[in-house]
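Each chain is listed here by its residues.
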Amino acid sequence: MKTWAVTLDLLREARSRKWFLFLGGAITLGLLVLGLSLKLEVVDGALAASRFFGKSLDNPMMSADVALGAVFSVASQFIFYGGMLFGIFSCSDFAPKLLSPGRIEHLLALPVRRWELLAGTFLGVLILALAGAAYGSVGLTLIFGVKAGVWTVRPLLSAMLAVVGFIPVYAMMLTAAVFARSAALSSGVGGVVFALGVVTSYRDTLLPMFSPGLGRFSFNALTVLMPRLARLAELSSQLAGAKPVSATVALSLIGGCLAFGAGALMVGIWRFEERDF
Amino acid sequence: MRRRRLWLVAALLLFAVAGFLLWHSDGPRPPPPPKVDIPRRLRPAEVTRMNQRAVLPVVQPKAEVRGPVRPRDPMLAALAFGKGSSAVVFEANALRYSPVGQLLLDCLASQGKDNPVQMLKDQYGIDVLKDLDRVAVTPHGLLLTGDFKTAKWDDLFQHASEDRYGDDARLYEIAPPERDGGEAPKPFESAVWNNQLVYLGNSSDDARAAIDRVEGRAPTEALITEDQTYGEVYGVLGTQEFLKMFPPEESELAQKFAAAAQQVELHVDARNDVGIQASIHGDSEQQVEDLGKSLAGMLSAARLEAKASGDDQLSQLLDFAQVQPDGSSFSLEMALPLDYLKKQLAWCHPDAGTP
């Protein structure tokens, strides 16, 4: 309950920021542009052919949801990478502000445990990310639902994967801020985790470039733990585009990212508990 | 204090879980690459083999004549065609009992009635699988060694003229069929020395010169020395042979290659998987170094391209390939795992299915 109070406090702070108003406005504008200007003849044609000919026709036109798969795939990539970068820059100063002199002493004087402060902050950012991803993906679904009659939850599911990808990144940002109160450092760490997450996704391709020995071992050891963000983005795209995905791989990827994020948050909490203010 | 440490323990546990799950999400790993032997020097078995072949007597050079010493192995003596020439020796007997050799024999056997191995045995008394020891391929012709006591030379060369030559050699010449116009084809020449060494080619002079070297009547500068006889295939390639390997449209590249590399020494280990080592020698250290680096770069680029395009088999093959610089020479090492060769030769094993 106290964690939730901290979360609400963070959300109130986010509402007062222009960054998040800008994000909301940008998503709305993007959806309006899509809704008003996208040419959907292919989809309309497929739907009309289905209605007119029924199943008797060996229909050469692709089905509407397949035609839209490519659009959803591109949108999912935009949400994943765009949302990730936006999140890294816009959320980097929440934790440093929480820890700023004056405010942290005030918070610690309240009947709130230290871990609840950090967990509340993390949860607040997570809700922001969820809200942004859900707004964009549900808006997209509504547009194509109304205009083309294709109703699907796939864009929403793929947007949730983008949030899963942001969890380890923000957990590391929050932990970095606990070690050194700096928004620049926090966003820098976010950027590094993001970059490593992309590099790690291609570790099997990159590994043969290293000579056997210490170099290859170090790269192997470093990358085995990092969340595979580019592969998660690919999974998100496949899910949005109605392409087959391996449930085992998907669950391992998601579980790995969540566990990494939770582990990083635990390190942050441990440091926060140790630290004197 | 103790409760605080629990956060750290929990973090470590969560990282371990994350590592396992993420590692698991990478999917099944390709099996570790097989360890392929690359031939680099004479091995004990090859030293024994080399000593057993040193059957020629040592020719004591006269005090006033300084020259190279004749190899005591008849094949190596016969192969001494001079500096710049080429010769590649196949240890036929060793190859025959290797897994690769068995694959090739199966391919030959699958040709049914036209199996040349069976035909040679039935008609001419030459059991290639038992009697043949080595085959050397040179620009001057073929040289074969082995135990050919049971060979029916008169049947094999029934239309040839026969001459005795030197101490223990017979020369056979088959005149080509007459043809109207155009360049007259060369006659087929053969020399059999002591039922151990056979020359097959188109030059009577080359046949006589080879016998002269074996019997110690001609100066002999070894093209392949005894300490280079390691592997199941070995030999040297001169510049002219390099140039023939390049397609005509790559003649400019061929000339550059030939200008840098004067000789390639080749060794192939085929006892199980196939390991290949080619040492490239040249006069200009700088040019050889640049050539070695260029090859290494091309191999790396090809490896990455194969990996990126998902061609795991080619990627694994290129993983084995590496360039080792060594002053005015460098060695290029490659490997062909047996499983890969089996897949390539699956077409002549109907039971094995398609590759």
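Residues numbered from 1 in each chain as written. Chains lettered and ligands numbered in written order. Predicted model: local features only at pLDDT ≥ 70, side-chain atom pairs only at ≥ 80, totals over all residues. Heavy atoms only, no water.

## Some words on a negative patch on the surface
All names here are of chain B.
And step 1. A grouping of D154, D155, E162, D163 and E173 is seen on the molecular surface, where their side chains present a negatively charged patch.
And step 2. Secondary structure elements with two or more residues in the negative patch: helix 8 (153–156) and strand 4 (161–165).
And step 3. Its location among the elements puts D154 in helix 8.
And step 4. On the basis of relative accessibility, which here comes to 52%, the residue D154 falls in the exposed class. (Patch = residues over 30% accessible without salt bridge, like charges linked within 9 Å, V, L, I, M, F, W, Y side chains within 5 Å. Areas by Shrake-Rupley, 256 points an atom, 1.4 Å probe, with all protein chains shown as cover. Salt bridge = Lys/Arg side-chain N within 4 Å of Asp/Glu carboxyl O. Lys, Arg positive; Asp, Glu negative; His and termini not counted. Charge placed at Lys NZ, Arg CZ, Asp CG, Glu CD. Helix = DSSP H or I, 4+ residues; strand = E, 2+ residues; numbered from the N terminus. Buried < 20%, exposed > 50% of the residue type's maximum accessible area, 1.4 Å probe, protein only.)

## Structural notes on the environment of L123(A)
Residues and elements named next belong to chain A.
And step 1. Structurally, L123 is set in helix 7 (residues 114–148).
And step 2. Remark: the alpha-carbon pair of L123 and L11, spanning 112 residues in sequence, is separated by 9.8 Å.
And step 3. Every residue in contact with L123, bar those within four places of it in the chain, is listed here: W4 and T7. (Contact = heavy atoms within 4.5 Å.)

## Some points on the side chain of E116(A)
All names here are of chain A.
And step 1. Looking at the element boundaries, E116 is found in helix 7.
And step 2. A relative accessible area of 9% means that E116 is categorised as buried.
And step 3. There is a polar contact of 2.9 Å between the side chain of E116 and the backbone nitrogen of R113. (Polar contact = N/O pair within 3.5 Å; in protein donor to acceptor, adjacent residues only side chain to side chain.)

## A word on helix 2 (residues 18–37) of chain A
Residues and elements named next belong to chain A.
And step 1. Helix length check: helix 2, at 20 residues, gives a terminal C-alpha distance of 28 Å against a target of 28 Å (1.5 Å per residue), a fit within 8%.
And step 2. For helix 2, the set of buried residues is F20, I27, L31 and G35. Projection of helix 2 onto a plane perpendicular to its axis shows the buried side chains occupying an angular sector of 65°, all on one side. Turned more than 90 degrees away from the buried face of helix 2, the exposed residues are K18, L21, F22, L29 and L36. (Expected span 1.5 Å × (residues − 1). Arc of directions from axis to C-beta.)

## Concerning the interface of chain B and chain A
And step 1. In this assembly, 23 residues from chain B lie in contact with 30 residues from chain A.
And step 2. Buried area between chain B and chain A, both sides added, is near 2400 Å², and the carbon and sulfur share of it is 70%.
And step 3. When the area that chain B buries against chain A is broken down by residue, the three leading residues are W7(B), F15(B) and L22(B), summing to 28%.
And step 4. Taken together, the connections running from chain B to chain A amount to three salt bridges.
And step 5. Ionic pairing is found between R231(A) and D26(B), a salt bridge with its closest N-O pair at 2.9 Å. (Buried area = accessible area lost by both parts, 1.4 Å probe.)

## A short note on helix 12 (residues 285–308) of chain B
Residue and element names in this part refer to chain B.
And step 1. Helix length check: helix 12, at 24 residues, gives a terminal C-alpha distance of 35 Å against a target of 34 Å (1.5 Å per residue), a fit within 8%.
And step 2. In this structure, the buried side of helix 12 is in contact with helix 11 (251–260), strand 10 (274–281), helix 13 (312–320), strand 11 (322–326) and strand 12 (329–336).
And step 3. Of the residues trailing helix 12, G310 is marked for its positive phi of about 80°.

## Some details on the sheet that holds strand 5 (residues 169–174) of chain B
All names here are of chain B.
And step 1. In space, the twelve strands of this open sheet follow the order 4-5-6-7-3-2-1-8-9-10-12-11, with antiparallel pairing throughout. Among the strands making up the open sheet, the edge pair consists of strand 4 and strand 11. Averaged over all pairs of adjacent strands, the angle between strand axes in this sheet comes to 15°, irrespective of strand direction. (Pairing = 2+ DSSP bridges. Axes fitted to C-alpha atoms, helices over the stretch in contact; angles between N-to-C directions.)

## Re unusual backbone geometry
Note: most peptide bonds trans; most residues except glycine with negative phi.
And step 1. Of note, the phi angle at A242(A) is positive, near 60°, even though the residue is not glycine.
And step 2. Checked against the element boundaries, A242(A) lands in the loop between helix 12 (229–240) and helix 13 (247–274).

## Quick notes on the packing of helix 1 (residues 2–15) of chain A against helix 7 of chain A
All names here are of chain A.
And step 1. Following both chains from N to C, one finds helix 1 and helix 7 inclined at 50°, their axes separated by 7 Å at the closest point. It follows from the interaxial angle that helix 1 and helix 7 lie oblique. Our pair here, helix 1 against helix 7, has a crossing hand that is right-handed. Contacts from K2, T3, W4, V6, T7, L10, L11 and A14 in helix 1 reach W115, E116, L117, A119, G120, T121, L123, G124, V125, I127 and L128 in helix 7.
And step 2. Each residue belonging to the contact of helix 1 with helix 7 can be placed in one class, and the counts come to twelve nonpolar, five polar and two charged. (Parallel < 35°, antiparallel > 145°, perpendicular 65-115°, else oblique. Left-handed = near helix turned anticlockwise from the far one by under 90°. Nonpolar A, V, L, I, M, F, W, Y, C, P; charged D, E, K, R; others polar.)

## A few points about the side chain of Q228(B)
All names here are of chain B.
And step 1. Relative to the helices and strands, Q228 resides in the loop between helix 9 (204–214) and strand 8 (233–238).
And step 2. Note on Q228: relative accessible area 16%, which makes it buried.
And step 3. Within the structure, Q228 has its side chain in polar contact with the side chain of E265 (distance 3.1 Å).
And step 4. Dropping the residues within four chain positions of it, Q228 is found in contact with L223, Y234, E265 and H267.

## Notes on the nonpolar core
It is characteristic of soluble globular proteins that their nonpolar side chains tend to be buried jointly.
And step 1. With 63 residues, the main nonpolar core has F94(A), F166(A) and Y170(A) as its most contacted residues.
And step 2. Dropping the residues within four chain positions of it, Y170(A) is found in contact with C91(A), F94(A), A95(A), T121(A), F122(A) and V125(A). (Core = buried A, V, L, I, M, F, W, Y, C linked by side-chain atoms within 4.5 Å.)

## Considering the packing of aromatic side chains
All names here are of chain B.
And step 1. Here the structure, examined in full by the defined rule, presents ten aromatic pairs over all chains.
And step 2. Ring pairing ties together the aromatic residues F148, W153, F157 and Y172, which thus form one cluster.
And step 3. Sitting over the face of the ring of Y97, R96 holds its NZ or CZ atom 4.4 Å from the ring centroid. (Phe/Tyr/Trp six-rings, centres within 6.5 Å; stacked < 30°, edge-to-face > 60°. Lys NZ or Arg CZ within 6 Å of the ring centre and 35° of its normal.)

## Some points on the pairing of strand 2 (residues 132–138) of chain B
Residue and element names in this part refer to chain B.
And step 1. Where burial is concerned, most of strand 2 is hidden: five out of the seven residues are buried.
And step 2. In this sheet, strand 2 lies alongside strand 1 (residues 87–90) in antiparallel orientation, the contact comprising three bridges. Looking at the pairing, V89 lines up with A136 of strand 2.
And step 3. As judged from the six bridges shared by strand 2 and strand 3 (residues 141–146), these two strands associate in the antiparallel manner.

## Brief notes about the pattern of salt bridges
Residues and elements named next belong to chain B.
And step 1. Evaluation of the coordinates by the stated rule reveals 23 salt bridges over all chains.
And step 2. Here R43 makes a salt bridge to E46, at a shortest N to O gap of 2.8 Å. In this pair, the class of R43 matches that of E46, namely buried.
And step 3. Across the pair R49 and E91 runs a salt bridge whose closest N-O atoms are separated by 3.7 Å. With R49 in helix 2 (residues 44–53) and E91 in the loop between strand 1 and helix 4 (92–96), the pair connects residues that are 42 residues apart, well separated along the chain. When sorted by exposure, R49 lands in the same class as E91, which is buried.

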